[in-house]
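Each chain, written out:
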Amino acid sequence: MLATTPIRDIITAQRQFFATGKTQDIAFRLTQLQNLYQAIKNRENAIYAALKADLNKPDVEAYYEIVVTRDIQAAIKNLKSWVKPQKFPIPLEQFPAQAMMVPEPLGVVLIVGAWNYPFNLIMAPLIGAIAAGNCAIIKPSELSPHTSRLIAEIIGETFDNGYITVVEGGRDISQQLLAEKFDYIFFTGSPRVGKIVMEAAAKHLTPVTLELGGKSPCIVTEDVNIEVAAKRIVWGKFVNAGQTCIAPDYLLVQQGVKSQLLAAIKAAIIEFYGHEPANSPDYGRIVNDGHLQRLQDLLESGEIIVGGDINPDARYIAPTVIDNVSLEAAVMQEEIFGPILPVMTYGDLSEAIDLINRLPKPLALYIFSQNPSHQEQILRQTSSGTACINDTLVHFITPQLPFGGVGNSGMGRYHGKASFDTFCHYKSILKRSFLFDVDLRYPPYRDKLRFLKWLLGG
Ligand code: NAD
């Protein structure tokens, strides 16, 4: 479908396609998943190039997006078991009967993506939408234009236009799409736009998944392997130049290990990116000038102890660590979404927990601790979309582990079977027979209550 085709015509074409019943067929879905897998494999080099052009992504980091192919393989492998009806027990008075839940496709769904992992954030939900038997309209982010174009090409070459279509564009196109009625909206982006999406969806009572962001804390207690913790934190924070929805946003380190940890973090930054990260082939760039300016302003929030260099022409900000940051500082008022790591300290674990609970519920929470009771205390006394103990980010690429936010960081979850479930309606069905027709429930009731109580219990 050409981008110039009116949006309503695209939706009408998809509704007609859905009405043919083709997507109900499991063999059809498997073929489409296989075709998508092959298309991604065929265009692998082009995907690296697009991500390099948009975000200066090193190939290794780009590969984390491309490896969504693993999710396609898992969907192909498991689809036949996912579509099976789920059976439920039958109470005595309904015998003989069968009770079950059957997953049915929703219809025409909308998938809107963000720019920071622009390929993965479109493809991962699309796999669920296809597996569950839907038609889909996709709107990639306009801030990663090379990847957006490439996604449009891949989808255009792989699928019938009436089945899956890419609509490219920015806020205006997004709002035109949101004004239409969809059967589901899967949105990845900021909490601010998430509210706009939910408001638009409410007008049609369209259900939504909102994959949003937030300030994901990273707590380090005294008993950890400092060197490994530092490497994992530095990797999770500065991969994609900090533009990761689940990047450790700020560090909460126990006072006794602060100086050791900061020294190890500094050493890890040098080990990964050299003394001049601007020259490293493995370090990304800020997506646009607006974000660069926003991040530059945040550097005023405390004492810069590592990095701080900026080259606006190259949209470069060095991996930066800021010490002596207060909760009131600008850097603690919003999701950073860039290569700046503010550091705060705590004495007792309850202080760290109090601080986390003063901010909106985050998308991820990181605990570096070898003490199971500390891990347990933090998990129980805080709320976050996801949590990862003694590492960063890798829970996102644990293929079968559902991923999603809570509160301000979003609603709904996907990956693995959760993606399939997201794009299904589970229809509850009770199937009875004509074999017995006990007349206890029929009027006239007379003295039937006694028998009914005996039969139903409760
Ligand atoms: P964004 O909310 O600005 O944009 C996301 C999408 O919404 C884009 O496709 C954009 O075109 C569209 N959009 C922008 N303004 C709009 C408006 N007013 N009305 C309708 N549509 C609009 O987000 P972003 O800058 O692309 O991404 C950064 C945010 O996304 C961060 O908060 C980050 O944490 C979050 N994020 C979350 C996840 C996750 O999996 N939960 C993943 C990546 C990014």
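In this text the structure is predicted, and so the values were computed from the model without any measurement. (Residues numbered from 1 in each chain as written. Predicted model: local features only at pLDDT ≥ 70, side-chain atom pairs only at ≥ 80, totals over all residues. Heavy atoms only, no water.)

### What to know about helix α11 (residues 258-273)
If you check α11, its first and last C-alpha atoms are 22 Å apart, about what 16 residues at 1.5 Å a residue would give, namely 22 Å. Close packing links the buried residues of α11 with β8 (217-220), α10 (226-238), β9 (250-254), β10 (303-306), β13 (320-323) and β14 (340-346). Gly274 sits one or two residues past α11 and shows a positive phi near 80 degrees. (Helix = DSSP H or I, 4+ residues; strand = E, 2+ residues; numbered from the N terminus. Expected span 1.5 Å × (residues − 1). Contact = heavy atoms within 4.5 Å.)

### Brief notes about the domain arrangement of the protein chain
Along its sequence, the protein chain is carved into domain 1 (7-212 + 409-426) and domain 2 (217-404). Every contact between the two is made by 26 residues of domain 1 and, on the other side, 28 residues of domain 2. Taking both partners together, domain 1 and domain 2 bury about 2300 Å²; carbon and sulfur atoms supply 54% of that area. The largest share of the area that domain 1 buries against domain 2 comes from Trp115, Ser409 and His415, three residues that together contribute 23% of it. At the boundary of domain 1 with domain 2, the tally comes to zero salt bridges. Between domain 1 and domain 2 we count 12 residue pairs in polar contact (both at pLDDT 80 or more) in total. (Domains from an automatic or database assignment. Buried area = accessible area lost by both parts, 1.4 Å probe. Salt bridge = Lys/Arg side-chain N within 4 Å of Asp/Glu carboxyl O. Polar contact = N/O pair within 3.5 Å; in protein donor to acceptor, adjacent residues only side chain to side chain.)

### What about the site of the ligand?
Near the ligand, the surroundings consist of 29 residues, among which Glu142, Ser174, Ser190, Leu212 and Glu335 are the closest. Within the side chain of Trp115, one N or O atom sits 2.8 Å away from an oxygen atom of the ligand. Interatomic distance of 3.4 Å between a backbone N/O atom of Glu211 and a nitrogen atom of the ligand. Burial of the ligand by the protein chains amounts to 93% of its free accessible area of 840 Å². A majority-of-atoms criterion places the ligand in the largest pocket. Where the shell around the ligand is concerned, the elements lending two or more residues are α8 (171-178), β6 (184-188) and α9 (191-203). The element best represented in the shell around the ligand is α8, accounting for four residues. Grouping the constituent residues of the shell around the ligand by class yields 14 nonpolar, 10 polar and five charged. When we break the shell around the ligand down by domain, the ones giving at least three residues each are domain 1 (7-212 + 409-426) and domain 2 (217-404). (Near = heavy atom within 4 Å. Areas by Shrake-Rupley, 256 points an atom, 1.4 Å probe, with all protein chains shown as cover. 1 Å grid on protein atoms, 1.4 Å probe; cavity = no way out; pocket = protein on both sides within 12 Å on 5 of 7 lines; lining within 4 Å. Sits in = over half its atoms within 2 Å of the grid points. Nonpolar A, V, L, I, M, F, W, Y, C, P; charged D, E, K, R; others polar.)

### Re a nonpolar patch on the surface
Judged by side-chain polarity, Leu435, Phe436 and Val438 come together as a nonpolar surface patch covering roughly 340 Å² of accessible area. Inspection of the secondary structure puts Leu435 in the loop between β18 (424-432) and α16 (448-456). A relative accessible area of 63% means that Leu435 is categorised as exposed. (Patch = residues over 30% accessible without salt bridge, like charges linked within 9 Å, V, L, I, M, F, W, Y side chains within 5 Å. Buried < 20%, exposed > 50% of the residue type's maximum accessible area, 1.4 Å probe, protein only.)

### So, the pattern of salt bridges
Applying the stated rule across the entire model yields 16 salt bridges. Where Asp249 meets Lys215, a salt bridge forms, and the shortest distance between an N and an O atom there is 2.5 Å. Residue Asp249 is found in the loop between α10 and β9, and its partner Lys215 is found in the loop between β7 (208-211) and β8; the two are separated by 34 residues along the sequence. The exposure classification of Asp249 matches that of Lys215, with both residues buried. Each of the salt bridges in this network shares a partner with another, and the network as a whole consists of Arg43, Glu153 and Glu157.

### Topic: the layout of surface pockets
Each pocket or cavity is described by its volume, and for the largest pocket that value is around 1100 Å³. If you trace the largest pocket, you find 42 residues lining it, with Gly189, Ser190, Pro191, Arg192 and Val193 closest to the centre. Sorting the residues of the lining of the largest pocket by element identifies α8, β6, α9 and α12 (289-298) as the ones contributing at least two each. For the lining of the largest pocket, a count of residues per class yields 18 nonpolar, 14 polar and 10 charged. Of the residues that make up the lining of the largest pocket, three or more belong to each of domain 1 (7-212 + 409-426) and domain 2 (217-404). For the second largest pocket, the calculated volume is near 320 Å³. In terms of lining residues, the second largest pocket is bounded by 13 residues, among which Glu93, Gln94, Val438, Arg441 and Leu455 are the most central. (Points joined across faces, edges and corners; volume = space filled by probe spheres on them.)

### Structural notes on the sheet that holds strand β1 (residues 86-88)
Strand pairing in a sheet takes place through backbone hydrogen bonds and is either antiparallel or parallel in direction. Here we have three strands laid out as an open sheet, ordered β1-β2-β18, and antiparallel in their pairing. With partners counted over all chains shown, the strands left at the sheet margins are β1 and β18, one partner each. Averaged over all pairs of adjacent strands, the angle between their axes in this sheet comes to 25 degrees, without regard to strand direction. Of the strand pairs in this sheet, β1 and strand β2 (residues 97-105) are connected by three bridges, and their pairing is antiparallel. By the bridge assignment, Gln86 is partnered in β2 with Met101. (Pairing = 2+ DSSP bridges. Axes fitted to C-alpha atoms, helices over the stretch in contact; angles between N-to-C directions.)

### So, the nonpolar core
Counting residues in hydrophobic clusters, the biggest one holds 137 residues, and the most contacted among them are Leu36, Leu126, Ile155, Leu251 and Ile265. Here this core takes nine residues from helix α6 (residues 120-131), the largest share from any one element. There are two domains that each give this core at least three residues, and those are domain 1 (7-212 + 409-426) and domain 2 (217-404). Those residues in contact with Ile265, other than ones at most four positions away along the chain, are Ala230, Val234, Leu251, Val321 and Leu341. (Core = buried A, V, L, I, M, F, W, Y, C linked by side-chain atoms within 4.5 Å.)

### Looking at the packing of helix α2 (residues 26-42) against helix α5 (residues 69-82)
The N-to-C vectors of α2 and α5 enclose an angle of 165 degrees; their axes lie 10 Å apart at closest approach. One way to sum up the angle between α2 and α5 is to call them roughly antiparallel. As α2 runs across α5, the sense of the crossing is left-handed. Between α2, through Ile26, Arg29, Leu30, Leu33, Gln34, Leu36, Tyr37, Ile40 and Lys41, and α5, the contact on the second element is made entirely by Thr69, Ile72, Gln73, Ala75, Ile76, Leu79 and Lys80. Broken down by class, the residue content of the contact of α2 with α5 amounts to 10 nonpolar, three polar and three charged. (Parallel < 35°, antiparallel > 145°, perpendicular 65-115°, else oblique. Left-handed = near helix turned anticlockwise from the far one by under 90°.)

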